[in-house]
Each structure stands twice: as C-alpha cells, then as structure tokens.
There are 2 protein chains.
Amino acid sequence: MSSVATFKQDPHRLLVIPGPIEVADDVLYANAHPSMSHVSAEFVPVLGDCIRMTREVLLTATGQPFLIAGSGTLVLQVASNLVEPDEDVLVLNTGYFGDSFAECLQTYGAKVDHITAEVGGVVSQADIESALKSKKYKIVTFTHVDTSTGVLSDAKSIAETVKKVSPETLTVLDGVCSVASEEIRMDDWGIDVVLTASQKGLGTPPGLSILVASQKAIKVYESRKVPPNSYYASWKKWLPVMQAYEKGSPAYFATPPVNLIYAYHASLTRITKGSPNLTERLKLHKLASQKIKAAAKGLGLRQVPLDDNFAANGMSAFYFPEGVTGPDVLPRLFKKDVIVAAGLHKAMKEKYFRVGFEHMGISVVDERRGDIDKVIASIKEAIGEAIESKKV
Amino acid sequence: MSSVATFKQDPHRLLVIPGPIEVADDVLYANAHPSMSHVSAEFVPVLGDCIRMTREVLLTATGQPFLIAGSGTLVLQVASNLVEPDEDVLVLNTGYFGDSFAECLQTYGAKVDHITAEVGGVVSQADIESALKSKKYKIVTFTHVDTSTGVLSDAKSIAETVKKVSPETLTVLDGVCSVASEEIRMDDWGIDVVLTASQKGLGTPPGLSILVASQKAIKVYESRKVPPNSYYASWKKWLPVMQAYEKGSPAYFATPPVNLIYAYHASLTRITKGSPNLTERLKLHKLASQKIKAAAKGLGLRQVPLDDNFAANGMSAFYFPEGVTGPDVLPRLFKKDVIVAAGLHKAMKEKYFRVGFEHMGISVVDERRGDIDKVIASIKEAIGEAIESKKV
C-alpha cells in the first residue's frame, strides 16, 4: 500500500496558468482515496468539514455553502436560482466571464444590463451608482478577478455602493479566480453570494463548483414566486442535502464527487489550519505577484490591467512586446518546462499571455520550490529568444 | 516520486453498493495525476480517446458522446435538451429514477406521462404499444437498471416497439446503473440516447456525467424551435467542444475535470482494450450475479425483481427475512468489512438491501480477490446473526 507520507506525484512541467494550478502531493493523494460510500459514517463528516472550512475561507459565520460536482461554469447556473424570469440584473463587465454570467442569467429569463469597462479597466463606482438609481435590480454581479484580463474589481466598494443606493439588491461576487488568492471578507463587506470552483486558489483538481449564499440571499431565494427553472443546480434540491451533511447525516439528491471531496478537504485543511495562515498566505501572494509584475516591467512588458490598483494578486496578464505573438513565446516556455496560458479576451486574444500562480500551498507559499524565480527567468529568456528570432 | 507500478490504495472495507464501486489502483493513480492544462497538447488526446472509447463500450459507430463534469443526476438535465416546452414524454417507470427523470423533464417544460410498473416488475410491451398509439411522444425514457430495485428493463424490445409503433419517437436509455455491466448494443438495437455516469460499471470515481446521442438525436436537437433552456447542460455549448477535442484541438466552454478524465481513460482502457474483453466481461458479470442470487435464494432471501428475467447483472436487491430490518443486518456486515446499500424505493425502503458488484476490473473479473465469495459468506453470517439476535 502507498501512504500520504511516501506519495510523490510524477515529475511534470510547471503549470502556471490561471487554473487548473499546481496541486500539492497530499491533495492528489486524497484524490486517489479508495472508493467510499457517499452515505457512509466515514464520509459524511468529511463533506461536513468541507462545508465548514469553506465558510472559514470566506470569513462568513452564517453563509450557506453549496458544494456540487461540476465545472466552474456550472456555478453561474447555481447562482441563477436568485433570479426569476423578467427580473433585472446588472452585470459589471470586465471581460470574458462577465459575458458568460450574463448569458447564463439570460438563459433563465433575466433581463441583463451591462456596464462594460474598457479593456484592462474596472467599472467606476459613479457608474454603478447611477445605474442602480435608474432601475431596481434584483442582483448586481461582478467578476472579482476576470481570468481573461487579470483585472481585480474592488469588491468592498462595490458592495458598499449597492448597500447605500439600493439596499435590497444582492451583490454577487464571481470569485472563480479570486477565492483564496484575494482578500474576501464576505460578512464584513456584505457580499451576498460568492461563487467559485476548486481548481484555482483552492488548490484542488477541477470538478467541484462552490457557492456560498448569505442568509439574506437564501431568504430571497425562498421568496421566489415561481419554482427554480433548473433541475441539477436547484437550491431546493441541494439546501437540505448540505444542511444534512453538515449536521452529520447523509441525504441524497446526486452522488457527490467523493474522491474530489477528500482532495478538497486536504487542501482546505492546509489553507484554514496550516501555517502560514490565511492572512499570511494572502500576503505571500501579493509579494509573489509584485515580484512577477516588477520583473515583467523590467522586461518592458505592459500589463493588461490599466492600473496597479486593480491588478489581481493571483494571476497576471501581460502584452507581448511589439512584433512578437503567442506562437513565438509559448512554445519556447514549454521547452523550458513552464506552461503559461494564451490570451482569452476576444478584443486582443493573440496579443497577450496569462500567468497564474495562485497555489498558495506550493508555488507561492513554499519558496524553496523556487517556482516564481523559475517562471520569471523562463519568461525573460523566452521573450528574449523570440525577439532575437524576429531580427534574423 | 510514486509510479503506477508501486501505487496501492489504502486498505479499506469492501464497497459493494450500487455505486460508487471499488476502483482499481491504476485508475486511482490516474486520478492523482499532476495538474495539467485542459488545453495542452498532452491532455487533448486523452479526452479525445475517452470520447472514442465511450463509443466502443456502447457499440456505436457514430453516436456523439458528451463528457461533462457533474454527478449522474446532471445527465438527466443533459438529456432534457431533446425536449421543448409542452412536448410530450413517456416515462417507463420502474422505481426511484423514473420519478427523478420525469421531474427533471418537467422542470424544462415537458408534459410527462408515466407507465408505472408494479414494484419489482417491468412495463409490458403491450402497455408501451398502446401508449404510443394514443399520443405522439417526442421521447420515451426508461431506466435500464433501476438502482432502487435492481430491475432490468428489456432495452432491445423497448426500442423495437418504439420503432414499430412510433418511428419518430426517440428511445432514451438511462444507463447510469447499467453501462458496462449490462449488454447495450446502441446501433444494433436503435437506442437513440444512452446516459450514464462514471462511478458504476465504468469503474471510475464519481463526478463525470456521460451522454451518448445518436446522429438522429442530434438532428432532433438541431431542429429545436426554441433554444435550450439550460446553460451548463446545453448541447449547443458542448457539441463543438467535444468535436474539437476528438479532432485533436482544444476548445473552451468549461474546465473539464482533468484528473477524472485521466482516471476515466485508465478505466476505459481496461474495459475496451484489456483482457477479458467487453463481451467476456459481461459474461463474468452474469456469472457473478447468478452466484450471488443463488446464494441468497439458498438463504431464503427473496429478490426485489419479480422475475429472474428482469433482474440486473450488475446489482441485486433482496428483501430481508421476516422480522429483520436494515439496522439488524447492515452494521453486522460493516463489522465484517463489507458495505452494502440500504433500500431506496419509497414503497419499502426499510425492508430490503442492495448489493452492487459492478466493477468489472476488480470484484467480478479478478476472481483471485475473492470479493464475491466474501460478500456471500458475510451476508450469510450477518443474516444468521440478525435472526439469532431476534430469538433472544
């Protein structure tokens, strides 16, 4: 038999895309847990703990987590339970994932208005305020970190503005690319819903979608006039299941992704009970981010975010130098065993690349690994080689 | 570093519930694969192979697989793409999962008629024929093996009847509890859609929902009058992604469950390329099933299926002897390190239990493990002890 003490994952290239990210050996080992019954006395508290630790990561005392097998994209649908047909929604759009969220909400009948930021920018509080004054919105959504641009929105100020101008409106934070790599104080800031997925800052393989709803959001859901028009993603189905597991008894609507729950448990344990603690981890993140951004600046690479104040700490997006494109640089990085991500934003897909280094347990927290230095050195070399090759 | 040759899962109790089932060491090891980019040149063919091998398992040349992160319950929603609001659906109901499928279809606007079999029975071909004559149904659904009762429906005859009486109607087989443990000849029998999940006969951890649509079903979907009223489960979103990966290029709608895809690949490789081959595996399954059922008969345990001809080969459901219930037997089996499942059918939840032994790679195919004998001996002892305890 193997054991967590002896298990070491296979050698592989360093994965620094904005998710999936590098996963620690003990988390991968948990993903290889022997098959367990989803209703067994051994498994029930594991899922119960995951519910409790998810709350800890988001600094909420009474938020209700939903842990559902599916990709991050599913969680947009899980959030749609809050909106009934023909209700108005305001999307603060900072890139690709604002479009996705809007399309999802429209599928369920919402009437969506966008405030679209310029590429690399954020939506201003004044624009949010005037939109909220012009119409009664059921929810306001924003992408905390848009994976397509690396733009970080100011969650605290957005929630404040919503509360001030339209206190009944719910603030929904798409944290797929920010939870556990950016500060989120759900209760203090009055965020009503946070949605995320397992494979980014939470350091777990992909396949688990995660939503946390405040009690206010649960009440709004419970006062729906028509039943949810979604089956698998219905809060009606999942709420009793989550409540039962947290209390220590099983309930059934769908078979949970048992192995992935063990893996999520291992990663959450690192994040909430390990050293460094959550606050320190966020700090280390910021430092690693500053290091990469400074190095890129030194290379003359321009960031996609227009201002350092709204650049994410869990990922970066940089434009290539003039005359150089993805096919010049990415294969060169690959040869150096470093995997970064191509562009995704439709306005300039070919012109930039993305680096994610969100794993708090490995690339950022464990400095001995030297991941950040390797990434910086490799980018420097690859860009240099690419420019050189153009001169020939 | 660990390797597939040395990796052995932790010792654990023998899990013989109807899913999740025992998973082989190499499949669990694949689930602990280092993080990989979902759009990388290494990963794309792995997902492509999974699409091709899924076809092989269902004996279809041109069926279109959809592999989507989610529980088995999600796949009911994936199937709902075929039905538009107010269209008629006929559900052949043999238990719990017929009710679930109906509820899911209704969520998306279908008008559902049921033909409900008596507990332990199947719907007669005559009843199906007369229902099809009375009304034009868009689809007919049936649960191939109802996990709540162990009843096996006659897929071939159902498809024949549909084709004869109402050739435009699509036949949809819910194979969550039958794929890779019961014979399914999708093309030969003319089954239009097969839906399933990873954690039963396919021998993979839970978290992947799998649907295969015939080209006829794809055409019916493409001729929808209104767009699909589901976001994450929309064929419109997934069809280009599946086609791209099969051709060898990545596409993005949602991050696939990368590790689970590696695990599914390992299990499909065993099933489609390993020895014994698929036909032999189904035969071994039948033999194991007969052995357990004969042993239970010897103990005086009555099967839930009313007739041997419609008892599943991948699981069994037995009533407890008079005066004995789950709490008398299941903890005793647990002490013998054997995990069976409690009842699920609302009509008689407390009166029966379920045994799954669907893993073709381990419990059934590898006789050296002695799993089947251990299960039989343990049931015999536990039932004996339970009866004895009641006498005191």
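These figures come from a predicted structure and were not determined experimentally.

In this section: the overall build of chain A. From N to C terminus, chain A includes 14 helices and 14 strands. What you see for chain A is a C-alpha radius of gyration of 21 Å, in line with the 21 Å of a compact globule of 392 residues. Oriented by its inertia axes, the alpha-carbon framework of chain A measures out at about 65 × 60 × 30 Å. Long-range contacts, defined here as pairs at least 24 residues apart, represent 71% of the contacts in chain A between residues at least 6 apart. Per element, the accessible surface of chain A, about 14,100 Å² overall, is 53% carbon and sulfur. Looking at charge distribution, chain A has the averaged site of its 43 positive side-chain charges lying 0 Å from that of its 44 negative ones.

Here we come to the relation of the copies chain B and chain A. Overlay of chain B on chain A (RMSD 0.0 Å): rotation 180°, translation along the axis 0.0 Å. Such a combination of rotation and displacement between the chain copies is what one expects of a two-fold axis. Closest approach to the rotation axis among the C-alpha atoms of chain B is made by Gly70(B), whose C-alpha sits 2.1 Å away. When you check the interface residues of chain B against chain A, 100% turn up at the interface there too, and the contact is symmetric in its surfaces.

The subject of this paragraph is the environment of Ala233(A). Along the polypeptide, Ala233(A) turns up in the loop between α8 (215–222) and α9 (235–247). C-alpha of Ala233(A) to C-alpha of Gly356(A): the two residues are 123 residues apart in sequence and 29 Å apart in space. Sequence-distant contacts of Ala233(A), that is, excluding residues within four places in its chain, are made with Leu74(A), Gln77(A), Val78(A), Asn81(A), Trp238(A) and Gln77(B).

With that out of the way, let us pick up the interface of chain B and chain A. The interface is formed by 63 residues belonging to chain B together with 63 residues belonging to chain A. Between chain B and chain A, a total of about 4,900 Å² is buried, with carbon and sulfur atoms accounting for 58% of that surface. By the criterion of area lost to chain A, the three top residues of chain B are Ser35(B), Thr73(B) and Tyr231(B), representing 14% of everything that side buries. On inspection of chain B and its partner chain A, the count reaches four salt bridges. The salt bridge partner of Lys237(B) is Glu103(A), with a shortest N-O separation of 2.7 Å. Put simply, chain B and chain A have 23 residue pairs in polar contact (both at pLDDT 80 or more) between them. Mapped onto the side of chain B that touches chain A, the elements with two or more residues apiece are α1 (25–31), α3 (72–79), α4 (96–107) and α10 (258–273) of chain B.

With that settled, consider the UniProt feature "modified residue: N6-(pyridoxal phosphate)lysine" (unreviewed entry) in chain A. What UniProt calls "modified residue: N6-(pyridoxal phosphate)lysine" (unreviewed entry) maps, in this numbering, to Lys200(A). Relative accessible area serves as the criterion here: at 6%, Lys200(A) is assigned to the buried category.

Attention shifts here to the side chain of Ser40(B). Residues and elements named next belong to chain B. Structurally, Ser40 can be placed in the loop between α1 and α2 (44–57). For Ser40, a relative accessible area of 10% puts it in the buried group. Within the structure, the side chain of Ser40 is placed 2.8 Å from the backbone oxygen of Ser37, a separation counted as a polar contact.

Now for empty space enclosed by the protein. Summed over all chains, the structure comprises eight cavities of 30 Å³ or more. One number sums up the size of the largest cavity: a volume of about 90 Å³. Contributing to the lining of the largest cavity are 13 residues, with Asn31(A), Pro206(A), Leu260(A), Pro206(B) and Leu260(B) lying nearest its centre. Of all the secondary-structure elements, those providing two or more residues to the lining of the largest cavity are α10 (258–273) of chain A together with α10 of chain B. Tallied by class, residues from the lining of the largest cavity come to seven nonpolar, six polar and no charged.

Parameters at a glance
Residues numbered from 1 in each chain as written. Chains lettered and ligands numbered in written order. Predicted model: local features only at pLDDT ≥ 70, side-chain atom pairs only at ≥ 80, totals over all residues. Heavy atoms only, no water. Helix = DSSP H or I, 4+ residues; strand = E, 2+ residues; numbered from the N terminus. Rg over C-alpha atoms; globule rule 2.2 N^0.38 Å. Contact = heavy atoms within 4.5 Å. Areas by Shrake-Rupley, 256 points an atom, 1.4 Å probe, with all protein chains shown as cover. Lys, Arg positive; Asp, Glu negative; His and termini not counted. Charge placed at Lys NZ, Arg CZ, Asp CG, Glu CD. Least-squares fit on C-alpha atoms with pLDDT ≥ 70 in both. Buried area = accessible area lost by both parts, 1.4 Å probe. Salt bridge = Lys/Arg side-chain N within 4 Å of Asp/Glu carboxyl O. Polar contact = N/O pair within 3.5 Å; in protein donor to acceptor, adjacent residues only side chain to side chain. UniProt positions renumbered as here; feature names shortened; annotations may be inferred. Buried < 20%, exposed > 50% of the residue type's maximum accessible area, 1.4 Å probe, protein only. 1 Å grid on protein atoms, 1.4 Å probe; cavity = no way out; pocket = protein on both sides within 12 Å on 5 of 7 lines; lining within 4 Å. Points joined across faces, edges and corners; volume = space filled by probe spheres on them. Nonpolar A, V, L, I, M, F, W, Y, C, P; charged D, E, K, R; others polar.

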